[in-house]
Amino acid sequence: MSVSVDDDLWSAVGDPIRRRMLDLLLSDGSGTATSLSEHLPVTRQAVAKHLLVLDRVGLVRATAAGREKQFRVDEARLARAVAQLADVGAAWDARLRRIKRIAETIQRGRDTDDEPTKSQR
């Protein structure tokens, strides 16, 4: 069971500040590094660097807005990321079910071994 994973994408969304930025952009429709920094515990410069990471993996797109850039979430790319995460989750669910079955089989074998035989009674 092989699921293709975009490591750059998951590295980008692995950061809690970047996930919060995506939430803010989705709720507000768009934002600049300055407007986002007002809602985050990091500097405007840090927000700008985080936005570059999100832009590099295609989760946000920038357009010129005066002296700043206006960022919007690329919803198609986000949908693909969500689908990929669902695939990874399903693959892990299947693996965990298999591990559970193996563990239950081992436990049943131990339970059988623990039962006293007629000669031990």
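Only a predicted model underlies this, so the values are computations on that prediction, with no experimental measurement involved.

**Focus: the overall build of the chain**
Alright, step 1. Helix and strand counts for the chain stand at 5 helices and 2 strands.
Alright, step 2. Ordered by position from N to C terminus, the α and β elements of the chain give α-α-α-α-β-β-α.
Alright, step 3. Rg of the C-alpha trace for the chain: 24 Å, well past the compact-globule value of 14 Å for 121 residues, more than 25% over.
Alright, step 4. Across its three principal axes, the chain shows a C-alpha extent of roughly 90 × 30 × 20 Å.
Alright, step 5. Counting only residues that meet the buried cut, the chain has 27% of its 121 residues in that class.

**Section: the side chain of R77**
Alright, step 1. Within the secondary structure, R77 is located in helix α5 (residues 75-114).
Alright, step 2. Apart from residues lying up to four places away in sequence, R77 is in contact with D6, L9, V57, G58 and L59.

**Brief notes about a nonpolar patch on the surface**
Alright, step 1. The grouping of W92, L96 and I99 at the surface amounts to a nonpolar patch, some 330 Å² of accessible area in total.
Alright, step 2. With respect to the helices and strands, the residue L96 is situated in helix α5.
Alright, step 3. You can call L96 partly exposed: its relative accessible area is 48%.

**Quick word on the pairing of strand β2 (residues 68-73)**
Alright, step 1. As judged from the 6 bridges shared by strand β1 (residues 60-65) and β2, these two strands associate in the antiparallel manner. Bridging from a neighbouring strand, A64 pairs with K69 of β2.
Alright, step 2. Hairpin connection of β1 to β2: 2 residues between the antiparallel strands, including G66 at a positive phi of 70°.

**With respect to the pattern of salt bridges**
Alright, step 1. The full count for this structure, using the stated rule, is 5 salt bridges.
Alright, step 2. Residues R61 and D74 are paired through a salt bridge, measuring 3.5 Å at the closest nitrogen-oxygen approach. Of this pair, R61 sits in strand β1 while D74 sits in the loop between β2 and α5, placing them 13 residues apart in sequence.
Alright, step 3. Notably, a salt bridge pairs K100 with E104, separated by 3.9 Å at the nearest N-O pair. One end of the pair, K100, and the other, E104, are both in helix α5, 4 residues apart, so they sit about a helical turn from each other.

What counts, and where the lines are drawn
- Residues numbered from 1 in each chain as written.
- Predicted model: local features only at pLDDT ≥ 70, side-chain atom pairs only at ≥ 80, totals over all residues.
- Heavy atoms only, no water.
- Helix = DSSP H or I, 4+ residues; strand = E, 2+ residues; numbered from the N terminus.
- Rg over C-alpha atoms; globule rule 2.2 N^0.38 Å.
- Buried < 20%, exposed > 50% of the residue type's maximum accessible area, 1.4 Å probe, protein only.
- Contact = heavy atoms within 4.5 Å.
- Patch = residues over 30% accessible without salt bridge, like charges linked within 9 Å, V, L, I, M, F, W, Y side chains within 5 Å.
- Areas by Shrake-Rupley, 256 points an atom, 1.4 Å probe, with all protein chains shown as cover.
- Salt bridge = Lys/Arg side-chain N within 4 Å of Asp/Glu carboxyl O.
- Pairing = 2+ DSSP bridges.

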